Amino acid sequence: MPMLSDPSLKYLPYPSVPFSDGYIRQWPNKRTTTSPIWLSTDLRDGNQALVNPMSNATKLELFRLLVRIGFKQIEVAYPAAGDNEFQFVRDLIENNEIPDDVAIQIITPARPDLITKSIASLAGVKHGIIHLYNAVSPVFREVVFRNTKEQTTDLTINAVKLVKKLTEEETARSGARFTLNYCLETFSQTEPEFAVELGNRVLMEWGKASPEDKVYFNLAATVECAPSNHYADMVEYFNNNINQRSSVLLSIHPHNDRGTGVAATELALLAGGDRVEGCLLGNGERTGNVDLITLALNLYSQGVSPGLDFSNLPEIVQVVCRCNESAVPVRYPYAGTLVFSAFAGTHQDAIKKGLDYQAARWEKVDRTGEGIKYWAMPYIPIDPKDIGYGYENLIRVSSQSGKAGTAYVIKQTLQLDLPRRMQVSFYGVVQSECENSGKEMSTALITNAFKQKYCLSSKPIGRLHLQSLNITPLSPLSESSSLESDGTSTPPEQGTNLIRFEGHISVDGRIRKIMGDGKGVLSALLDGLRSDLELEINIGEIVYQHLEGDSTKAVTYLEVSTPGSPASKSGVGSVWGVGISSDSATSQCRAIISGINGLVGDRRFPRPKMVFTPRRDQSAQRSESWLRDFTFRAGHSVLQTPEHERSELIAASPI
C-alpha cells in the first residue's frame, strides 16, 4: 500500500504533558555545565540486539575497554536469561575484574523467579545495581499483559519487596552494597500522572532512600515516539512531582527510533536527568540506544569534561565494531572516517584559512602568555587530535574541490605555502586528473603530481635540468644588494649589479654550458637561455619564502610566459616554476628552469653552434682581461680552456 495522503486517519499525535495552567517550563532556560553519571549497557542492551551475541570472552574484552574509558557504572548481563549470562557475572566477581570504584548492574523483569536468580548472580559483589523493570504504558497494560493500573502497581510493589528482602540478606552475608534502579519501561508512552504515582509507591515500599543512598528511576524512552522537547517535558513533570527528590536519581534511557536520541537525552538532562544509559556507537534494538560517544564529545566540545576518555577513539571504534560484528557509517558523528574531511572547495578554503589564523593566534598566546589557546575552526567543531585523529584527512581532493584543498595538501606534505595565483594554476592540473580518473586524488597522488609538474627532483624530469651553476659579480655590489634573497617579495635581481651566470644545463638529455650576463641572477640566466636556446621568457609575479619549518631553505615561486601571451589575472592557465635550495641564487635559477619546462612543450631547440661570437658589453668598466669577454657557442670560456687548446680555438674562430 502507498503512504496515506491523510496519515491522521491511522496515526495519533502524542498527548500533551499535563502541566498546570500558566506553568513556565524550566528546561529551555538551562545549560548543561557538568557531565551526568554514565551507565554503559553495551554488554546487556547492546548485546541482546546483536545478530550474533557476544561470547563471554568477547564481553570481557569489551568490559575491560569500558573500564579503561572511565565508566563507573556498567550493566553487564541479564542473568536469568541463560547460563552464559549468569556465569559472566560470576566470572567478573570471582576473578576480581571489577575495580573498587565501579558498580555493575544486572537487569531483571518483575517476576519472582527471575529476580531471585538475578540477585544470586551478584553474591560477593562490592556494589551491585538491580535494574528492575516492567512495562507500564497503556498499550502494554491493556494489550500485552491485560492488566489494570492497580494490577500493574501491585506487580511492581511485590517485585520491589522481593528485591529489598534478597539484597538485604546478601548485604548481611557479604557486606555488599545494593542500589535499586526501577525502570518504568515504556515511560515515554505512559500517562505522566500514573508514572509519578507509581514512582512514589516504589519509594514508599523501598523505604530507605536517602541523599546518600538514592533510588534510581529509569525513565525509559523504550520507543521514541514524540519529539525531543516532549520527552524533556515528561522528565520535567516527573522531576517536579516525584517525592523525596533529593533522595532520587533520574536516569535517562532514550532509544533512537526517530533519529533524535541524542537531542532527547540532552534536553532531558536539562529537565532534571542525572544519569544517562546508552551504548557506544548507539548499538541496541531497532535503531539503537543513544550513543554515549556522541553525547560525551558534544559536552567536551562545549568545554565540559565528560569524565570519559576517548583520546584514542579510532582504536575504541575498532574494538567495539569487532566485538559487535558491526560497522560504522563513514559520516557517523565523531567516529566515522570522513567526519573530519572536507571535499568542497569553499569548505577547504575556510578550513585552510582557519588553521593558518589559529596557528598564528596560538603562537601569540605562547609568546606573550596572554589569552587562551581556544579552538575556533570553520566546519570542525572539535580538534581531531584530541580524540586520536590527525589533520592529514581534514582536506580531501576530488573534482569538486578547489585550489585551497590542493594548496593545503602541498603545505602539509612539502612545507610549501603556494602563492594564491599559483594555487589556481596547480589546481587545474589536479582537477583534470580527478575528472579523467573519476576518483579522489590522494595525498600521495597530489604530491607526486606537483613534483612532476614543477620538476622537483635531483634527476632530470623535464626537458631542461640545472646541473650546476656559478655566479660571478661583474661590478661591485652595492651596500643594499646581495646575491642572497632576503626572504621578501623584493628580489635581488631588481638591483643594479651586473652578474654573470655560468652553468651546466641538461637539454633533452645532453649537457650544455650556458653563460649570460644581466642585472641580477634571473636576468643573467635569461640572457644565457636567450643566447643559447633562443628562448624569450617574461617573468611575472615572483614570491620568495623560506621552507615551512626550515629557514635554511630558500623557496622561489615565479610566473613565466612568452612575449605576447595574454596575462591571467586569476591565475587560471598561468605557468609557474618552483625552486628550492639552501642558496637563494640556485633557488631562483631552479624556479626559472622549472617554469620553462612548463612552457616549452615539444618546441625544438637550436643545435649547439660551434661559432665564436663576442658578447655585448654590458659593463662600462671590466677588471678582467679581454679574453674574459668572449665565449664560444659550444659553451667554452677562453680562460677556462686549457692553455694548449686556446690557440686552436682562437685560430678557428672567425674574428
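Model, not experiment: these values are computed from the prediction.

> I tried to follow unusual backbone geometry on my own but got confused; where do I start?
Most of the time, phi is negative for any residue but glycine, and the peptide bond is trans. Its identity is not glycine, yet arginine 146 carries a phi of approximately 55°, on the positive side. The topology assignment puts arginine 146 in the loop between helix H5 (138-144) and helix H6 (149-174). For glutamine 415, which is not a glycine, the phi torsion comes out positive at approximately 60°. For glutamine 415, the position within the fold is in the loop between helix H13 (403-414) and helix H14 (420-437).

> Sorry, what's going on with the confidence of the model for the protein chain here?
Caution applies to low-pLDDT regions: their predicted coordinates should not be interpreted in detail. For the protein chain, the average pLDDT comes to 89, and 89% of its residues sit at 70 or higher. Per-residue pLDDT stays below 50 along residues 479-494; that stretch engages in 27 contacts with residues further than four places along the chain or on separate chains. Confidence over residues 619-655 falls short of pLDDT 50; this stretch has 54 contacts with residues more than four positions distant or in other chains.

> How do you make sense of the sheet that holds strand E13 (residues 550-561) when you look at a structure like this?
Strand order in the open sheet made by the 3 strands is E12-E13-E14, with antiparallel pairing throughout. Unpaired on one side and paired on the other, strand E12 (538-547) and strand E14 (575-581) mark the two borders of the sheet. Mean inter-strand twist for the sheet, computed between neighbouring axes without regard to direction, equals 20°. Strand contacts of H14: E12, E13 and E14, with the helix running at about 110° to E14, the strand carrying the most contacts.

> Hey, could you run me through helix H17 (residues 584-600) in this one?
Think of an α-helix as 3.6 residues a turn; residues three or four steps apart then line up on the same face. In a regular helix each residue adds 1.5 Å, so 17 residues correspond to 24 Å; H17 covers 25 Å between its end C-alpha atoms and thus fits that length. In terms of residue burial, H17 counts as a mostly covered element, since 14 of its 17 residues are buried. Where H17 terminates, the next one or two residues include glycine 601, which has phi positive at roughly 55°.

> Whenever I open this one, a nonpolar patch on the surface confuses me. Can you help?
Together, Val139, Val143, Val144 and Phe145 give the surface a local cluster of nonpolar side chains, amounting to about 360 Å² of exposed area. When you line up the elements, valine 143 lands in helix H5.

> Please explain the pairing of strand E8 (residues 275-278) as it appears in this structure.
Where burial is concerned, the two faces of E8 agree: the one with Arg275 and Glu277 and the one with Val276 and Gly278 are both buried. Across 4 bridges, strand E1 (residues 37-40) lies against E8 in parallel orientation. The residue of E8 that forms the bridge with serine 40 is glycine 278. Sheet analysis places strand E7 (residues 248-254) next to E8, joined by 2 bridges and oriented parallel. Looking at E8, one finds that isoleucine 252 is bridged to valine 276. The parallel pair E7 and E8 is bridged by helix H9 (residues 261-270), and the resulting crossover is right-handed.

> How should I be thinking about the packing of H14 against helix H15 (residues 443-453) in this particular structure?
A pair of packed helices is captured by two measures, namely the crossing angle of their axes and the spacing between those axes. Running from N to C, H14 and H15 cross one another at 110°; their axes reach a closest spacing of 10 Å. Comparing the axis directions of H14 and H15 gives the class roughly perpendicular. Viewed along their axes, H14 and H15 form a crossing whose handedness is right-handed. For the pair H14 and H15, contact is made by Met422, Phe426, Val429 and Val430 and by Ile446, Ala449, Phe450 and Lys453, respectively. The class makeup of the residues in the contact of H14 with H15 is 7 nonpolar, no polar and 1 charged.

Here is what the cut-offs are and how they apply
- Residues numbered from 1 in each chain as written.
- Predicted model: local features only at pLDDT ≥ 70, side-chain atom pairs only at ≥ 80, totals over all residues.
- Heavy atoms only, no water.
- Helix = DSSP H or I, 4+ residues; strand = E, 2+ residues; numbered from the N terminus.
- pLDDT = per-residue confidence, 0-100.
- Contact = heavy atoms within 4.5 Å.
- Pairing = 2+ DSSP bridges.
- Axes fitted to C-alpha atoms, helices over the stretch in contact; angles between N-to-C directions.
- Expected span 1.5 Å × (residues − 1).
- Buried < 20%, exposed > 50% of the residue type's maximum accessible area, 1.4 Å probe, protein only.
- Patch = residues over 30% accessible without salt bridge, like charges linked within 9 Å, V, L, I, M, F, W, Y side chains within 5 Å.
- Areas by Shrake-Rupley, 256 points an atom, 1.4 Å probe, with all protein chains shown as cover.
- Salt bridge = Lys/Arg side-chain N within 4 Å of Asp/Glu carboxyl O.
- Right-handed = clockwise from strand over helix to strand, strands pointing away.
- Parallel < 35°, antiparallel > 145°, perpendicular 65-115°, else oblique.
- Left-handed = near helix turned anticlockwise from the far one by under 90°.
- Nonpolar A, V, L, I, M, F, W, Y, C, P; charged D, E, K, R; others polar.

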